[in-house]
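# Summary of structural features
Each chain, letter by letter, is given below.
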Amino acid sequence: MSRATTSAGGMGSVARGGAFALAGSVVSAVMGLLLVVVLGRTLGTAGAGVVFQAIAAFTIAMSLARFGLDTTAVWLLPRLRTEAPHLMRAAVVRLLAPAFAMGVLGAGALLLLSRLVGADNDLLADSLVGMAWALPLAGVALVGLAATRALGGVRTFVTVQNIAIPTARPVLAWAVTLAGGGAVAVAVSWVAPLPLAAGVALLILARQLRRVLGDTEDLGSPEPGASLNRRIWGYTAPRAVSAVLEESMRWLDVLLVGLLAGPSAAGLYGAATRFTNAGMILSTSLRIVVAPMYSRHLGAKDLRAADGLYSVTTIWIIAFSVPIYLVLALFGGSMIGLLGQDFREGAPALGILAGGMAMVLTAGNIQSVLLMSGYSSLAALNKLAAVAVNVTLLFLLVPPLGIVGAALAWVAGMVVDTVLAITQVHRKVGVRPLPRAVLAVLATTVLTFGTPALILRLSIGDTVTAMLSGAALGVVCLVIVMWRAPRLFQLADLASIITARKGT
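Reference entry: report on the structure contained in this document. (Residues numbered from 1 in each chain as written. Predicted model: local features only at pLDDT ≥ 70, side-chain atom pairs only at ≥ 80, totals over all residues. Heavy atoms only, no water.)

Okay, helix α18 (residues 436-460) next. For α18, which comprises 25 residues, the first-to-last C-alpha distance of 36 Å matches the rise-based estimate of 36 Å (1.5 Å per residue) to within 8%. Considering only its buried residues, α18 is in contact with α12 (303-330) and α19 (464-484). Positive backbone phi, approximately 110°, marks G461, located one or two places after α18. (Helix = DSSP H or I, 4+ residues; strand = E, 2+ residues; numbered from the N terminus. Expected span 1.5 Å × (residues − 1). Contact = heavy atoms within 4.5 Å.)

This paragraph deals with the environment of L420. Inspection of the secondary structure puts L420 in helix α17 (residues 403-429). In sequence terms L420 and N382 are 38 residues apart; their C-alpha atoms lie 6.4 Å from each other. In this view, L420 contacts N382 and A385; residues no more than four positions away in its chain are not counted.

Tallied over the full model, the rule gives two salt bridges. Among the ionic pairs, D70 bridges to R66, the shortest N-O distance being 2.9 Å. Judged by its relative accessible area of 10%, R66 falls in the buried class. Residue K383 is joined to D417 by a salt bridge in which the shortest nitrogen-to-oxygen separation is 3.0 Å. In this pair, K383 sits in helix α16 (residues 376-401) while D417 sits in helix α17, placing the two residues 34 residues apart along the sequence. For K383, a relative accessible area of 4% puts it in the buried group. Accessibility expressed as a relative area gives 4% for D417, which makes it buried. (Salt bridge = Lys/Arg side-chain N within 4 Å of Asp/Glu carboxyl O. Buried < 20%, exposed > 50% of the residue type's maximum accessible area, 1.4 Å probe, protein only.)

Here it is in structure tokens:
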């Protein structure tokens, strides 16, 4: 089979898997925003702040339960499938068992934190106690779902993690508040879907192993050899540090804002950060699909394929995501005001977060390239530097500036992490980040979409009418430019990818 045929088949897989992952990411984003609306409308800024702080603490502890084993599964299992399939069941066992054990430790950490904050915030302490029981099963669910993605495509992963769980959360939160429950009950309802997800992941994973490996004699011993053990933990150990730091970058600011400025500030800032996640829909969905492909390409030393995959997906991410962040930056007050007038105070922080995320996403899935090339230790050091910058600036900026200072601190940390990853991927891996074609698409997208939106913002103001009109005009202008300059946006490549079928 020729390189062109192989590439077409692989990129066709990106489009088909990416389409489903994109649909799942859209559902996840919409349900995440719906959850924010439910919290804002039913609990107010203070109650929502308690829930956001509890979710932040649980998510950071959950990264300890995952211990980087989910990324290890995506990196290792596609390679074992080619190199040594008889070791796959052993590898899966060695990935799942530590996830449960680390989940127990994470639950203990939550209980300890509940005692530390109990004197100042009884609601947060009670929420943490009520959520801790789910951590061991949450670790199994996330690692198991990642393993299903590595073995059999994205359908199980997307269906459970991006559709079922996010959809259940606002429904449960609404039902709890309708029944008279408060912030603690809503926080506990947030973790309720995770045990069921763990059971589904284990059942699907067992079936995938049998399908991939054939009859039971080919499954191999559950005890891996010393070399496999070293391979797993050599990759996992630095990735575990990176995973905890990565979630800390995403959530520690919400927790610290609540501790430094109170639950209401945490509610405002937490709502702003959840809106910021909306622009990550395509980036997240593509990462789900392309991470195993990066592992295969880079494992086979096929830098040309990896480079092409990175460039095309980055262009898609920019063309889709940057317009969302332009809307959030220009019309933040109208957007966050949907939760209630009290939340409009979070508009300046939302604008800063949106601008920062737009900058970060111009690098595409650069973190996936670095991780799938085997440099998990470098990724961990990057996250350590980013968290150090973030935490330092949080303590310096939040007291005088409030949530605006928190937003500035978060953007600074993310920029540090991204710049380091770009430099390392270029020097260590050989993939070329930010080629000219990507920068040209970025400039074109900002000008064509942003100009009409900016004009309406300046002439009408930060209103819902201006926001909807600006977004609609921006989309029309961007589509026209895409139609007139298809080579710039690589639409021909996109069309061939979408129509590719099984490499033909």
